[in-house]
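Analysis of the macromolecular model
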Amino acid sequence: MDTKLAKNYTIIFLLILNILLFFLSFLLEEKYKITKEQEKTIIAYLEKENIKIYADIPKKYEPMPQISMKKTKHDDLALQNIFFKNNIDLIRTEKFEDTIFKQGEKTLRINNLFIYFQDLEIKENFKYNRENSLNIAESYMKPLEQIYGKMYLDRVIEEEDYFFISYIQKIENYKIFNNVLNVKIYKDGKIKIYFNNYQKTDIISEKINICSVDEALYTFSKEIKNLIPDSEIYIRDIDLGYYLKMDNENITFSFYPYYRFYIKGNEMPFYVNAYTNSFEYETTIINAEEIFY
């Protein structure tokens with residue numbers, strides 16, 4: 001047998017195989033991607049419903065598995081060192097399942113679900129601007145990142161009297177909506193921080209088909225109009241990731257794919273379950289933060 005000819009046939013076969021695999025991959029990718037026509041249709045429908053989108057729309061909706069994670073056990077001493085510069089007049093108390101540190105106008109509350117910190121000291125000549133607010137937020141994010149893992153800047157919003165800066169964690173390029181660090185920097189220098197974290201990710205199902213973003217937007221539009229009737233609604237953020245609707249009784253928590261929506265004038269996100277295309281929203285964070293008010 002002519003070895004040179006056989007080698008040429010092998011090369012040709014491999015080239016054809018690579019081309020076929022390329023087109024197969026392309027077709028599969030296009031299968032789970034909304035078309036421009038779908039995008040135009042849903043945007044036109046939303047505008048008729050007095051809902052406007054000022055955000056990038058996630059185009060892909062490839063199947064996603066269900067995952068599970070465990071609640072992180074916090075190191076009180078490590079957190080104390082992050083939020084307090086020294087131990088002078090630092091008071092530690094226990095209240096139910098909470099560990100509370102207090103030093104002057106600063107309070108740190110640690111429990112099995114969340115971490116809260118507030119510094120209510122008014123700073124004279126405080127530089128209230130986006131750059132300084134980001135620097136302050138990063139000064140808390142960096143040491144927390146060393147303990148809990150990589151964080152990514154998610155949102156920077158300027159409200160009437162404070163900057164809201166949010167960091168988030170990811171798995172397989174998908175955001176974990178529950179793994180967040182939210183920092184509020186007020187005009188007078190006050191600071192409020194909310195932090196939540198889960199660890200040890202485990203994939204517990206095969207990849208399951210999810211609904212497309214236009215389907216999720218249709219569901220969202222119907223439900224948000226029931227909650228906020230007779231008002232123009234501006235969607236300022238849409239993304240796809242993993243979300244856990246709170247269940248305090250479990251040790252291991254199941255996370256499902258969700259579309260997350262933020263609207264203008266509301267800090268609370270709204271969700272659409274990407275498996276079931278059902279609308280949900282969570283008020284746990286807002287209610288829990290009221291502990292400092």
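So, here is what we can say about the structure in this document. (Residues numbered from 1 in each chain as written. Predicted model: local features only at pLDDT ≥ 70, side-chain atom pairs only at ≥ 80, totals over all residues. Heavy atoms only, no water.)

1. Some words on the packing of aromatic side chains
The geometry of an aromatic ring pair is captured by the separation of the ring centres together with the interplanar angle, meaning the angle of the planes. Filter applied, for reference: Centre distance within 6.5 Å is the pairing criterion for rings of Phe, Tyr and Trp, where only the six-membered ring of Trp is used; planes under 30 degrees apart are then read as stacked, over 60 as edge-to-face, and the remainder as tilted. The numbering of helices and of strands both runs from the N terminus, where a helix is a DSSP run of H or I of at least 4 residues and a strand a run of E of at least 2. Only protein chains enter the area calculation, which uses a 1.4 Å probe; residues under 20% of their type maximum are buried, those over 50% are exposed, and those in between are partly exposed. In this analysis the charged atom, NZ for Lys or CZ for Arg, is taken to sit over a ring once it is within 6 Å of the ring centre and within 35 degrees of the ring normal.
The tally for this structure, following the rule as stated, stands at 28 aromatic pairs. On the numbers, 5.5 Å between centres and 35° between planes, the contact of tyrosine 54 with tyrosine 234 is tilted. Here tyrosine 54, found in the loop between β1 (51-53) and β2 (67-71), pairs with tyrosine 234, found in strand β12 (residues 233-243); they are 180 residues apart in sequence, far enough to count as distant. By relative accessible area, which is 53% here, tyrosine 54 ends up exposed. Since its relative accessible area comes to 26%, tyrosine 234 is described here as partly exposed. Within the aromatic cluster, the residues linked to one another by ring pairs are Phe83, Phe84, Phe101, Phe117 and Tyr140. Between the NZ or CZ atom of lysine 71 and the centre of the ring of tyrosine 198, over which it lies, the distance is 4.7 Å. Across the ring face of tyrosine 234, the terminal group of lysine 264 is positioned such that the distance to the ring centre comes to 5.4 Å.

2. Notes on the nonpolar core
Rules: Throughout this description, the term nonpolar core refers to a set of buried Ala, Val, Leu, Ile, Met, Phe, Trp, Tyr and Cys residues connected via side-chain atoms within 4.5 Å. Any two residues having at least one pair of non-hydrogen atoms within 4.5 Å are treated as being in contact.
Formed by 36 residues in total, the largest nonpolar core has its most connected members in Leu217, Phe220, Ile235, Phe255, Tyr259, Phe261 and Phe270. Broken down by secondary-structure element, the contributors of at least two residues to this core are α2 (36-48), β2, α5 (213-227), β12, β13 (252-263) and β14 (270-273). Not counting the four nearest positions on each side in its chain, phenylalanine 261 is found in contact with Ala216, Leu217, Phe220, Ile235, Asp237, Ile238, Pro269, Phe270 and Val272. Listed in part, the 27 residues of the second largest apolar core include Val156, Leu181, Val183 and Ile185.

3. A closer look at the packing of α2 against α5
How we decide: Only the contacting stretch of a helix is used when fitting its axis, a line to C-alpha atoms as for every element, and angles between N-to-C directions run 0 to 180 degrees. When describing relative orientation, an angle under 35 degrees is termed roughly parallel and one over 145 degrees roughly antiparallel, while 65 to 115 degrees is termed roughly perpendicular and anything else oblique.
Axis separation between α2 and α5 bottoms out at 10 Å; the angle between their running directions is 5°. Taken together, the axis directions place α2 and α5 in an arrangement best described as roughly parallel. Contacts between α2 and α5 involve Gln38, Ile42, Tyr45 and Leu46 from the first element and Asp214, Leu217, Tyr218, Ser221 and Lys222 from the second.

4. Re helix α3 (residues 76-83)
Filter applied, for reference: What the arc covers is the set of directions going from the helix axis to the C-beta atoms. Side-chain atoms alone can form a polar contact between residues adjacent in sequence; in general such a contact is a pair of N or O atoms within 3.5 Å, and within protein one must be able to donate a hydrogen while the other accepts it.
Listed as buried for α3 are Asp76, Leu79, Gln80, Ile82 and Phe83. The buried side chains of α3 occupy one side of the element, clustering within an arc of 160° when seen end-on. Set apart from the buried face of α3 by more than 90 degrees, the exposed residues are Leu77 and Asn81. On its buried face, α3 is in contact with β3 (91-95), β4 (98-103), β5 (106-110), β6 (115-119), α4 (130-148) and β10 (191-195). Put simply, aspartate 75 is the residue that caps the front of α3, since its side-chain oxygen is 3.1 Å from the backbone nitrogen of leucine 77.

5. Regarding the pattern of salt bridges
Two side chains with opposite charge may pair up if their charged atoms get near one another. Rules: Each salt bridge in this description consists of a side-chain nitrogen of Lys or Arg and a carboxyl oxygen of Asp or Glu lying within 4 Å of one another.
On inspection of all chains with the given rule, the structure shows 15 salt bridges. Its salt-bridge partner being glutamate 94, residue arginine 92 comes within 3.2 Å of it at the nearest N-O pair. For arginine 260, the salt bridge identified is with aspartate 239, shortest N-O distance 2.7 Å. One end of the pair, arginine 260, is in strand β13; the other, aspartate 239, is in strand β12, and 21 residues separate them in sequence. The same class applies to arginine 260 and to aspartate 239, which are both buried.

6. What to know about the environment of isoleucine 208
Inspection of the secondary structure puts isoleucine 208 in the loop between β11 (198-203) and α5. When the C-alpha positions of isoleucine 208 and alanine 274 are compared, they lie 9.8 Å apart, and in sequence the two are 66 residues distant. For isoleucine 208, the residues in contact, after removing those within four places along its chain, are Pro63, Met64, Pro65 and Tyr275.

7. Quick look at the packing of α3 against α4
This is how it is decided: Left-handed describes a crossing in which the near helix is turned anticlockwise from the far one by less than a right angle; the clockwise case is right-handed. Following the grouping adopted for this structure description, the nonpolar residues are Ala, Val, Leu, Ile, Met, Phe, Trp, Tyr, Cys and Pro, the charged ones are Asp, Glu, Lys and Arg, and the polar ones are all others, Gly among them.
Where α3 contacts α4, the axes come no closer than 10 Å and their chain directions differ by 160°. Relative to α4, α3 is oriented roughly antiparallel. As for how α3 packs across α4, the hand of that crossing is right-handed. Packed against α3, whose contacting residues are Ala78, Leu79, Ile82 and Phe83, the element α4 presents Tyr140, Pro143, Leu144, Ile147 and Tyr148 at the interface. Across the contact of α3 with α4, the residue classes tally to nine nonpolar, no polar and no charged.

8. Side note on the pairing of β6
In plain terms, the rule: What makes two strands pair is DSSP finding at least two bridges between them.
Most of β6 sits inside the fold, with five of its five residues counted as buried. Because side chains alternate across β6, one face comprises the buried residues Ile115, Phe117 and Asp119, and the other comprises Tyr116 and Gln118, equally buried. Bridging between β5 and β6 involves five bridges; their strand directions are antiparallel. Opposite isoleucine 110, over in β6, you have isoleucine 115 as the bridge partner. Hairpin connection between β5 and β6: a loop of four residues separates the two successive antiparallel strands.

9. So, the side chain of serine 221
Turning to its location among the elements, serine 221 is positioned in helix α5. At a separation of 2.6 Å, a polar atom in the side chain of serine 221 contacts the main-chain carbonyl oxygen of tyrosine 218. Residue contacts for serine 221: discarding those within four places in its chain leaves Tyr45, Leu46 and Ile51.

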